[in-house]
Amino acid sequence: MGVSSVVLLPYAPSSVAVARQRLSTDLRESGVYPDAVDDAVLVVSELLSNALRHAHPLPSGMIRVAWMCSDDRVEVAVSDGGSATEPRAGRPTLSSLGGRGLGIVDYVAERWGVRHEGDTTTVWAVLPAPQEKLLQEAG
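Reading the values: the criteria
Numbers given to residues run from 1 along each chain, matching the order in which its sequence is written. Since the coordinates come from a predicted model, pLDDT governs what is reported: local features require at least 70, and pairs of side-chain atoms require 80 or more to be given and counted, while whole-chain, interface and lining totals use all residues. Side-chain measures here rest on the full set of heavy atoms in the structure, leaving out hydrogens and waters. Basic side-chain nitrogens of Lys or Arg form a salt bridge, by our definition, when they fall within 4 Å of a carboxyl oxygen of Asp or Glu. By nonpolar core we mean a set of buried residues, namely Ala, Val, Leu, Ile, Met, Phe, Trp, Tyr and Cys, connected to one another through side-chain atoms within 4.5 Å. Only protein chains enter the calculation, and the probe is 1.4 Å; a residue is then buried if its accessible area is under 20% of its type maximum, exposed if over 50%, and partly exposed in between. Strands here mean DSSP runs of E at least two residues long; helices mean DSSP runs of H or I at least four residues long; both are numbered from the N terminus. One requirement defines pairing of two strands: DSSP has to find at least two bridges between them. To obtain each axis, a line is fitted to C-alpha atoms, and for helices this fit is confined to the stretch in contact; angles are then taken between N-to-C directions over 0 to 180 degrees. What makes two residues a contact is simply this: any of their non-hydrogen atoms within 4.5 Å.

1. Concerning the pattern of salt bridges
Thought 1: Counting across every chain of the model gives six salt bridges.
Thought 2: Taking the shortest distance from any N to any O, the salt bridge between arginine 111 and glutamate 110 comes out at 4.0 Å.
Thought 3: Via salt bridges that share partners, Asp72, Arg73, Glu110 and Arg111 belong to a single interconnected network.

Right under this line is the structure:
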């Protein structure tokens, strides 16, 4: 499979839709099972939305979204200019309007975490990405 991409996007809410479309197209063209594509797109949406809401842009004024497929996994990552707080899954009340994003990531992804490199913070997640051909052969 081996598809990967790095996309620099404006530090703006409209970048979420752009990232979703690019990731979805890449994964579908590489034969990833549609439900797995949907999960990866959901996770990128949550990571990117969190970065836009809570972090600063990269020094370039942009935000970086990357993904890499290998074997039957996809790693997605969003890099920003960091924030005053560490990204973590919250426990919102039922009436809370927000705070569920990383909880969703925690539920959907096999694992996720945070890397700090200088002034750059990257939140990443690894998800299953089985290919349709492999599922058909196994079935």
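2. Some remarks on the nonpolar core
Thought 1: Counting 33 residues, the largest nonpolar core has Leu27, Val74 and Val76 as its most contacted members.
Thought 2: For this core, the secondary-structure elements that each account for two or more residues are strand E1 (4-10), helix H1 (14-29), helix H2 (34-54), strand E2 (62-70), strand E3 (73-80), helix H3 (101-108) and strand E5 (120-128).
Thought 3: The element contributing the most residues to this core is H2, with ten residues.

3. A look at the sheet that holds strand E4 (residues 111-117)
Thought 1: Reading across from one edge, E1-E2-E3-E5-E4 is the order of the five strands in this open sheet, with antiparallel pairing throughout. Either end of the sheet is taken by a strand with one partner, and the two such strands are E1 and E4. In this sheet, neighbouring strand axes are inclined to one another by 15° on average, regardless of whether the strands run parallel or antiparallel.
Thought 2: Across seven bridges, E1 lies against E2 in antiparallel orientation. Looking at E2, one finds that serine 4 is bridged to methionine 68.
Thought 3: Docked against the sheet, H1 engages E1, E2 and E3, running at close to 165° with respect to E1.
Thought 4: In the packing of H2 onto the sheet, contacts are made with E2, E3 and E5, and the angle to E3 comes to roughly 15°.

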